[in-house]
Structures are given as C-alpha cells and as structure tokens.
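# Observations on the model geometry
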Amino acid sequence: KAHLNQKDVKVGAVDVGYPVELDFDLSSEVAAGLVQVTAATLKLGATPISVTGTINTNPTPMEVDLRLKSGEVSIAELARLASAFGIAFAPDTTVTGKVTTDVGARGAINNLALNGNVSGRDLQVSGKNVAQPIAVKELNLALTPTEIQSNEFQATTGKTTVTGRVALRQYMSKSPVIDASLRTPAAAFPEIQSIARAYGVTGLDQLTGAGALNFDLKAAGPLESVASANVLRALNGKINLNFDTLKIQGFDASNQIA
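So, how was this worked out
- Residues numbered from 1 in each chain as written.
- Predicted model: local features only at pLDDT ≥ 70, side-chain atom pairs only at ≥ 80, totals over all residues.
- Heavy atoms only, no water.
- Pairing = 2+ DSSP bridges.
- Helix = DSSP H or I, 4+ residues; strand = E, 2+ residues; numbered from the N terminus.
- Buried < 20%, exposed > 50% of the residue type's maximum accessible area, 1.4 Å probe, protein only.
- Salt bridge = Lys/Arg side-chain N within 4 Å of Asp/Glu carboxyl O.
- 1 Å grid on protein atoms, 1.4 Å probe; cavity = no way out; pocket = protein on both sides within 12 Å on 5 of 7 lines; lining within 4 Å.
- Points joined across faces, edges and corners; volume = space filled by probe spheres on them.
- Nonpolar A, V, L, I, M, F, W, Y, C, P; charged D, E, K, R; others polar.
- Contact = heavy atoms within 4.5 Å.
- Arc of directions from axis to C-beta.
- Core = buried A, V, L, I, M, F, W, Y, C linked by side-chain atoms within 4.5 Å.

## Section: the pairing of strand 7 (residues 63-69)
Consecutive residues of a regular strand have side chains that alternate between opposite faces of the sheet. As paired elements, strand 6 (residues 47-56) and strand 7 share seven bridges and run antiparallel to each other. Pairing of Gly 53 across the sheet is with Leu 66, part of strand 7. Where strand 6 folds back onto strand 7 in an antiparallel hairpin, the turn is made up of six residues. As defined by bridge partners, strand 7 adjoins strand 9 (residues 93-108) across seven bridges and the pair is classed as antiparallel. Paired with Leu 66 across the strands is Ala 105, a residue of strand 9.

As structure tokens, then:
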C-alpha cells in the first residue's frame, strides 16, 4: 500500500489547478513484470476515481488492462484536465455539473482500446470569453474498441440551441474517422460565437454583428488527429446568414455587398 500526492500539476503550459493524489494497493510478479492493482483511488482535486486491473511493465511501451469507475461526481476537475490536454474545452473555461464514469482501458499505454460509458448531466460551461453560460442537459458517450459515439445532445445559450451528435471511429489508428453533425434554426450569431469559444474554436472571432443564421453542418472523413483545427477542416454543409448587421474586422458586409 502506498500514497502519492502531486501538487502544482501542469500539462504543457497549462496549470491544472488542483492536486492529484493516488492511494493504491499493489502486488507484483517481478519476473513477469506484472503488477496487480488490487485497489486504487485516483483523486483529481476532490473527485475520486477507482482503478483496478493489471499493468505489464515488460513491453515497451507498457501495457495495461484497467477499469476506471466513479459514482456521480463533479465534472469540474475532469473537464479541467481534458482542457489542459487540448480536448473538449478551451483552457480558460469552467465546467460544472455531474459525471458518471465506467470505462475499461486495455492495450499499450499510448494506444488504449476503451470500452464502457461516460455520462454527464446538468453541464454548464462558462468563462471570460463566454458571454452567457452554455447549458447541456445530458451528454452520454458510449465507448468501444472501435468507436466513441455520443447521444444527440443540445447545447443552449440565451435563445440559441445547437443540436449535435458526434462519433469517432477507428480512434486507435493513425487516421481516426469523424462522423459528426451540428444544426440550429435561427440562431443568434453572438451566441454561436460564445459556444465556439467555449470549445476552443476562435475562427469566428474576426466577425462581429447581431445577425441570425441557420446551419446544418456535418464533419465526415479521416483526420490527421482529433485536434479542433483538423475537425473544422472536415466540416461541410449549409449556412444561411443574415448579413444585415455583420462586420468582418470593421468591414461592413451589407454595405460592401450592396
């Protein structure tokens, strides 16, 4: 049995903002390089996640067969860690709500096959660049060794609701395949910008205005990685935008088009 406590954790240049603790009970077969994780608790700040399974240290990279499980816990620490790795949220956002995790991870530590479920409810995303909080009532992820797939979820800010669904196939390969969709009718443009900023997308910041837009977008096809820039390049679909009040860095679109 042992206890580890790491404070001032940073991922790249991003300060995670909370201590990471690990209490564990291990047994090992030294010759075989096999470590049995009888019971372990990983604490991200105040959020506990239980870990059981085995670790094989002989291969390079080492291989694991682990199960990570939590009750219904705060999502804040998990979201902060994800944003530090450049996944799901911009680094300067705050996410609140509840999440339940039951996931198995098997294979080489740098290329894990996942199996299980992650469910979030009553999620709210806010931050200094998010004009109004963004609410997601329910978001469920089903994970298999070949695919990660969400339910159809809704993200709402002000009077704007974006309906989305996302699937990532062959995520263990060098060219994962995205299959996602986003749609909304008569959305307020500034509110769409807020949703984009919350998820780390800054390409819309050059636009200002209060116009309305309808869009039905899909992202489908192979990616070099799951980074947001690569996902955006895969987008295709239709956008109908009211240009009456739109400006591009001081460029009056409606006047110039006229």
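## Things to note about the environment of Ala 142
Mapped onto the secondary structure, Ala 142 falls in strand 11 (residues 130-143). The exposure class assigned to Ala 142 is partly exposed, which follows from its relative accessible area of 37%. Here the alpha-carbon distance between Ala 142 and Ser 119, two residues 23 residues apart in the chain, equals 8.6 Å.

## Focus: the pattern of salt bridges
A complete count under the given rule lists nine salt bridges for this structure. Between Arg 169 and Glu 147 there is a salt bridge, with its nearest N and O atoms 2.5 Å apart. Placement of Arg 169 in strand 14 (residues 160-169) and of Glu 147 in strand 12 (residues 147-150) is noted, with a sequence separation of 22 residues between them. Classification of Arg 169 as partly exposed rests on a relative accessible area of 30%. The residue Arg 165 makes a salt bridge to Asp 179 at a minimum N-O spacing of 3.6 Å. Here Arg 165, found in strand 14, pairs with Asp 179, found in strand 15 (residues 177-188); they are 14 residues apart in sequence, far enough to count as distant. Sharing partners across several salt bridges, the network here consists of Glu 72, Arg 121, Asp 122 and Lys 137.

## Digging into the layout of surface pockets
Summary: where empty space remains is shown by rolling a probe the size of a single water molecule over the atoms. A volume near 200 Å³ is recorded for the second largest pocket. Forming the boundary of the second largest pocket are Leu 4, Leu 22, Phe 24, Leu 26, Val 37, Ala 40, Leu 42, Val 51, Ile 55, Leu 66 and Leu 68. Elements that contribute at least two residues to the lining of the second largest pocket include exactly strand 4 (20-29), strand 5 (34-44), strand 6 and strand 7. For the lining of the second largest pocket, a count of residues per class yields 11 nonpolar, no polar and no charged.

## What about the environment of Val 162?
Relative to the helices and strands, Val 162 resides in strand 14. Overall, Val 162 belongs to the buried group, its relative accessible area being 7%. Taking the C-alpha atoms as reference, Val 162 lies 9.5 Å from Phe 215; in sequence the two are 53 residues apart. For Val 162, the residues in contact, after removing those within four places along its chain, are Phe 153, Gln 154, Ala 155, Leu 182, Arg 183, Thr 184, Ile 192, Ile 195 and Phe 215.

## Structural notes on helix 1 (residues 76-84)
Three or more residues of helix 1 are buried, namely Glu 77, Ala 79, Ser 83 and Ala 84. Looking down the long axis of helix 1, one finds its buried residues gathered within 165° of arc, a one-sided arrangement.

## Things to note about the environment of Gly 221
By the element assignment, Gly 221 lies in strand 17 (residues 212-222). Sequence separation of Gly 221 and Ile 178 is 43 residues, and the distance between their C-alpha atoms is 5.5 Å. Sequence-distant contacts of Gly 221, that is, excluding residues within four places in its chain, are made with Pro 176, Val 177 and Ile 178.

## Observations concerning the nonpolar core
Judged by nonpolar contacts, the single largest core of 21 residues is most densely connected at Val 95, Val 125, Ile 134, Ile 192, Leu 213 and Phe 215. Among the elements that line this core, the one with the most residues is helix 2 (residues 189-198), at four residues. The next biggest cluster of nonpolar side chains, apart from the first, holds 10 residues, and it includes Tyr 171, Ile 178, Ala 219 and Leu 223.

## What to know about the side chain of Thr 163
Summarising the element assignment, Thr 163 is placed in strand 14. A relative accessible area of 10% places Thr 163 in the buried class. Non-local contacts of Thr 163, meaning those with residues more than four positions away in its chain, are made with Glu 152, Phe 153, Gln 154, Ser 181, Leu 182 and Arg 183.

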